[in-house]
Amino acid sequence: MAVAVRAVLAVLAVLGPCLARGGGGARSPFPWGAVRLPRHVLPRHYRLLLHPNLTALTLAATADIQVAVTQQTSAVVLHGKRLQVTRATVQASGGHRAQEARVVEHQPFEQVALLVTEPLLAGHNYTLSIQYRANLSQSFHGFYKSTYRTREGELRVLAATQFEPTAARMAFPCFDEPAFKASFSIIIRREPTYLALSNMPIVKSVNLSPWLVEDHFDTTVKMSTYLVAFIISDFKSISKMTHHGVKVSVYTVPDKINQAEYALDAAVKLLDFYEDYFSIPYPLPKQDLAAIPDFQSGAMENWGLTTYRESALLYDPEKSSASSKLWITKIIAHELAHQWFGNLVTMEWWNDLWLNEGFAKFMEFVSVSVTHPELRVEDHFLSRCFDAMAVDALNSSHPISTPVEDPAQILEIFDDVSYDKGSCVLNMLRDYLTADVFKAGLVQYLQKYSYRNTKNEDLWNSLTNICPTAGTDKQSGGFCRRSQQSSSSAHWTEGGTLDVRAMMDTWTLQTGFPLVTVTVRGKNVHLQQERYLKGVDSPPPTGYLWHIPLTYITSKSDTPQRFLMTTRADVIILPEEVEWIKFNVDMNGYYIVHYEDDGWDRLINLLKENHTVVSSNDRTSLINNIFQLVRVKKLSISKAFDLTLYLKHERQIMPVLQGMHELIPIYRLMERRDVDGTEKELQKYIVSLFKDLIDKQSWSDEGSVSERLLRHSLLLFACVHRYQPCVDKARGYFTEWQKSNGTLSLPADVKTAVYAVGAQTSEGWDFLLSKYRLHAFSVEKENMELALSLSRSKDKLQWLMDQGLRGDIIKTQDLPYIIVLVANNPSGHHLAWSFLKENWEKVVEKFELGSNSIASIVTGVTRRYSTRPQLAQVKEFFSSLEEKSARLRCVQQAIETIEHNIEWMDRNSEKVKTWLKNNHL
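Residues numbered from 1 in each chain as written. Predicted model: local features only at pLDDT ≥ 70, side-chain atom pairs only at ≥ 80, totals over all residues. Heavy atoms only, no water.

Q: Teacher, can you tell me more about the overall build of the chain here?
A: Counting its regular elements, the chain contains 28 helices and 33 strands. Compactness check: the chain gives a C-alpha radius of gyration of 29 Å against a globular reference of 29 Å for 921 residues, within 12% of the reference. C-alpha extents for the chain along the principal axes are approximately 90 × 75 × 55 Å. A fraction of 70% describes how many contacts in the chain between residues 6 or more apart in sequence connect residues 24 or more apart. A total accessible area of about 34900 Å² is found for the chain, and carbon and sulfur atoms account for 50% of it. Distance from the positive charge centre (99 side chains) to the negative charge centre (102 side chains) of the chain: 2 Å. (Helix = DSSP H or I, 4+ residues; strand = E, 2+ residues; numbered from the N terminus. Rg over C-alpha atoms; globule rule 2.2 N^0.38 Å. Contact = heavy atoms within 4.5 Å. Areas by Shrake-Rupley, 256 points an atom, 1.4 Å probe, with all protein chains shown as cover. Lys, Arg positive; Asp, Glu negative; His and termini not counted. Charge placed at Lys NZ, Arg CZ, Asp CG, Glu CD.)

Q: Even after reading the chapter, I still don't get the confidence of the model for the chain, so can you show me in this structure?
A: Fine structural detail should not be taken from predicted coordinates in areas where pLDDT scores are low. Scored by pLDDT, the chain has a mean of 92; 93% of the residues are at 70 or more. Between residues 1-19, whose pLDDT stays under 50, and residues either more than four places distant or in other chains, the model counts 30 contacts. In the predicted structure, residues 469-491 sits below a pLDDT of 50 and forms 50 contacts with residues beyond four places in sequence or in another chain. (pLDDT = per-residue confidence, 0-100.)

Q: What is the right way to look at the environment of tyrosine 685 in this model?
A: Checked against the element boundaries, tyrosine 685 lands in helix α15 (residues 678-696). For tyrosine 685, a relative accessible area of 3% translates into the label buried. Put simply, tyrosine 685 and methionine 200 are 485 residues apart on the chain and 58 Å apart in space, counted from C-alpha to C-alpha. (Buried < 20%, exposed > 50% of the residue type's maximum accessible area, 1.4 Å probe, protein only.)

Q: Got a minute to help me understand empty space enclosed by the protein in this structure?
A: In this approach the atoms are scanned with a rolling probe the size of a water molecule, which exposes any empty space left behind. Enumeration according to the criterion identifies seven cavities of 30 Å³ or more in this entry. As a volume, the largest cavity reaches approximately 80 Å³. Around the largest cavity sit 13 residues that line it, and Val35, His79, Arg169, Trp349 and Glu405 are the ones nearest its centre. Residues of the lining of the largest cavity, tallied by class, amount to five nonpolar, two polar and six charged. (1 Å grid on protein atoms, 1.4 Å probe; cavity = no way out; pocket = protein on both sides within 12 Å on 5 of 7 lines; lining within 4 Å. Points joined across faces, edges and corners; volume = space filled by probe spheres on them. Nonpolar A, V, L, I, M, F, W, Y, C, P; charged D, E, K, R; others polar.)

Q: Can you walk me through a positive patch on the surface in this structure?
A: A grouping of Arg44, Lys222, Lys448 and Arg452 is seen on the molecular surface, where their side chains present a positively charged patch. Looking at the secondary structure, you find lysine 222 in the loop between β16 (212-217) and β17 (230-233). Accessibility expressed as a relative area gives 42% for lysine 222, which makes it partly exposed. (Patch = residues over 30% accessible without salt bridge, like charges linked within 9 Å, V, L, I, M, F, W, Y side chains within 5 Å. Salt bridge = Lys/Arg side-chain N within 4 Å of Asp/Glu carboxyl O.)

Q: Is there a simple way to explain the layout of surface pockets in this structure?
A: Within this model, the second largest pocket holds a volume of roughly 770 Å³. Around the second largest pocket, the lining comprises 32 residues; the ones closest to its centre are Lys81, Arg82, Glu110, Glu848 and Leu849. Elements with a minimum of two residues in the lining of the second largest pocket: α1 (2-15), α6 (407-412), α24 (840-847) and α27 (883-886). The greatest single-element share of the lining of the second largest pocket, amounting to six residues, is contributed by α24. Considering only residue class, the lining of the second largest pocket consists of 13 nonpolar, six polar and 13 charged.

Q: Which parts of the structure should I look at to understand the nonpolar core?
A: A general trend in soluble globular proteins is that nonpolar side chains are found buried together. Counting residues in each nonpolar core, the largest one holds 308 residues, and the members touching the most others are Phe172, Phe175, Ile332, Phe583 and Trp840. Broken down by element, this core gets its largest block of residues, twelve residues, from helix α2 (residues 261-278). Non-local contacts of isoleucine 332, meaning those with residues more than four positions away in its chain, are made with Ala263, Ala266, Ala267, Leu270, Leu289, Tyr308 and Leu313. (Core = buried A, V, L, I, M, F, W, Y, C linked by side-chain atoms within 4.5 Å.)

Q: It is not clear to me how the state of the cysteines should be interpreted in this structure. Could you clarify?
A: Two cysteines form a disulfide when their sulfur atoms are joined by a covalent bond. On inspection of all chains with the given rule, the structure shows two disulfides. Put simply, cysteine 385 and cysteine 424 are joined by a disulfide, and their sulfur atoms are 2.1 Å apart. When the S-S torsion is -105 degrees, as for the bridge of cysteine 385 with cysteine 424, the disulfide is left-handed. Pair noted here: cysteine 385 is in helix α5 (residues 381-392) and cysteine 424 is in helix α7 (residues 416-433), with a separation of 39 residues, a long-range link. Both residues of the pair, cysteine 385 and cysteine 424, count as buried. (Disulfide = S-S within 2.5 Å.)

Q: Quick question: what am I supposed to make of the sheet that holds strand β27 (residues 514-521) here?
A: By way of backbone hydrogen bonds, the strands of a sheet pair with one another, either parallel or antiparallel. Here we have four strands laid out as an open sheet, ordered β31-β28-β27-β33, and mixed in their pairing. Across the chains shown, the open sheet's two edge strands, defined by having one partner strand only, are β31 (569-573) and β33 (592-595). Along the sheet, successive strands turn relative to each other by an average axial angle of 25 degrees, direction set aside. Sheet analysis places β27 next to β33, joined by four bridges and oriented parallel. From the neighbouring strand, leucine 515 faces β33, where its bridge partner is isoleucine 592. (Pairing = 2+ DSSP bridges. Axes fitted to C-alpha atoms, helices over the stretch in contact; angles between N-to-C directions.)

Q: Explain the packing of helix α11 (residues 599-610) against helix α12 (residues 616-631) here, please?
A: Two packed helices can be described by the angle between their axes and the distance between those axes. Between α11 and α12, whose axes approach to 12 Å, the crossing angle comes to 140 degrees. Classified by the angle their axes make, α11 and α12 are oblique. In the packing of α11 onto α12, the handedness of the crossing is left-handed. Along its contact with α11, which presents Trp600, Leu603, Ile604 and Leu607, the element α12 presents Arg619, Leu622, Asn625, Ile626 and Leu629. (Parallel < 35°, antiparallel > 145°, perpendicular 65-115°, else oblique. Left-handed = near helix turned anticlockwise from the far one by under 90°.)

Q: Can you walk me through helix α9 (residues 456-464) in this structure?
A: Each α-helix winds once per 3.6 residues, and so residues spaced three or four apart point in a common direction. With seven of its nine residues buried, α9 lies for the most part within the structure. Looking at α9, one finds that the buried residues are Asn456, Asp458, Leu459, Trp460, Ser462, Leu463 and Thr464.

Q: I tried to follow the pairing of β16 on my own but got confused; where do I start?
A: Working note: regular strand, side chains alternate between the two faces of the sheet. Counting buried residues in β16 gives six out of six residues, a clear majority hidden from the surface. Every second residue of β16 is oriented toward a common face, with Leu212, Glu214 and His216 on one face and Val213, Asp215 and Phe217 on the other, all of them buried. Bridging between strand β13 (residues 183-190) and β16 involves four bridges; their strand directions are antiparallel. Along β16, the bridge assignment pairs arginine 189 with glutamate 214. For strand β15 (residues 202-209) and β16, the ladder comprises six bridges, and the chain directions are antiparallel. Opposite isoleucine 202, over in β16, you have phenylalanine 217 as the bridge partner. As consecutive antiparallel partners, β15 and β16 are separated by two residues.

Here is the structure:
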């Protein structure tokens, strides 16, 4: 369907004028017929005078935009959405008389046009002056209203912005595409009790009257519209200087300023790290981090004024968990990486969004592993790649670099493929090029394209033109050639050329990822690649070929050997025969591996006998890969379960969590089907696998961050799955906590398990809710929401979702999370589906069609469905909606997932039952 729509848009662009609404409501021709703006009027500078009224929730404003004209025209087309333009003029530079412009609007494309009688001449500069009014947005994008309650319960109002990707046009008329970079001078009028923030520092404040102050902000550097930001609030702040002299401040609601210290220290460390790593100074005098009480995503990288949801920035050393500290640090690292990747150098169009997001995601791990080594951030990289592979294995996936046109399509690519797959292929490329070469290429790319826009190939060219370390020299064509004496174990090819673009095009321009099949015949290792695709009996896809940087270790050598596979089949000859071989060392490559004949048996045996022979990453990838191979019928489920037996002896966080991640969804599917008690046996099996580890956990906050994260996951798992010793201990803690009226300090990492057990009784649930509403428990809200959603009372579950929609007791920003939590509860999955159907319009209005929030609800509510009637219901509901909703990618993902679940259950449920009978732990 998307192709047909694009074709229609292309026709419109050729035909030109379409009917639009003029200033007086009359129909008049609109002078432009494409979604993308014309290129012959270029913005150079915006001067915005904004006067928001936080009582009436309105905005009165003037935008003066200096433009350069490259082709004569009588119409200037730019973006505007829900703006009421009251007057517009166009004035040639050099003091000419301003001419009035007639304003017409084309709402489907969110465009406005200024029509003039005297044409604008090529080679001349003009100023567009547009006076307009607007209402503050009631959603989470544009210039929107946010509220919070003080400790005393008073409701306070503030206004903040979220413009990425296409909502700057809701706050001011603008050329709202990333390539139209310009500088901005912002002036904000406010009441004296408020504080205004924007991308740059205030240069002067003028008292216009006793009740009105005008703040003038310094002019910004050249940047895209989606990075503009302003906030009017009563926030308080704390500040520090970096080594490089940048003032860093954290802004929060006044009552929570004592939770800002950790974020401030982390931001200072990270900003210093990036300045050193990129060898490019941060170009602004300040970097503010603001915690917004109502915020849809995790955070936003506005240049100089990054914004966050409160849980992504605020940390209470007394009450916050280890996972909270890890998440906050990674998110700050992500947004600050964007100050270079995204802000300084920006993708030309949204199809290459991954150049922003994949990099920021990747840099989280590069930076935090240096600035906060104790967080062991590298332990969490693999799960990112597995999450990406889960959606990338579907027919409905898309290439990392993918064509998009309209706002809903643009929003849809803010997904696991752009973020997580993007970061995983960059990690693979760094492993391939070596860290030093990769870094040198990035620095060259950032320096060359500063304040400009780029495409995919600009990055590859920058990385190709870097010669690696000694033993290489530059050849014609800009490639690097390995000299013959380079050792083959250290390098990928002997005497070959490194064509980064040819290799990376196979990863960014194709959908999906490869499955490499390994067959060992004596010393010969036969390799074959094909696309991994979870299709229900679909023929294997042809025509897909990747350049795969293969790595492997063997029973005879734990030094990774390297081999670049560029053909469909190949052979590696080993120096001697081996007992086992393991490809994709540490899972640095974005591909999965199947071992033919007895290859898997040998690896399973290795894990059983001495699992520490291979790294924790390697064990994690074996667990993941074997279950993925069951999905495409390369292996039986019993073989995958055979491998899990070794987990009884596993002590490392990554393989343990991966084992849970593979086994618990199978239990959930069976639980939904109510399969003759098999789910009870499976639950028993999973608990018994980890029982020794669970029993070893202390109910405290002791140990390293990894140990604390593992404790949090294990105890929550054990209590939710009714492992009695865990339930009894948690119940005891909850009773004590209740007796103390919530004043008893519980260890942060075990709280969720304690709350989850306590909330199982009606009285406990009500008590937990009473604490949830208190200011003192603000950093624990998400843990409490999880516990409240585990109730078996349908009334209570319904109440949670209704409140999330209302937005008073439970903030609407948390509604997607609440709906999915209720859907995961066997007592709530029907309720969540009904709620989604009944409130679809309201939810879309609040969160925007195509957004990640909508996608998480649609896939989260349906991901455990595994019956044909459920599939029919889902198809029927979404096909009854208007076409834009029906063809959302998340709807296709949901349908495919249900089809796979049906097929998986039909094929495997009996086999699981039999295996469990034969394998008692």
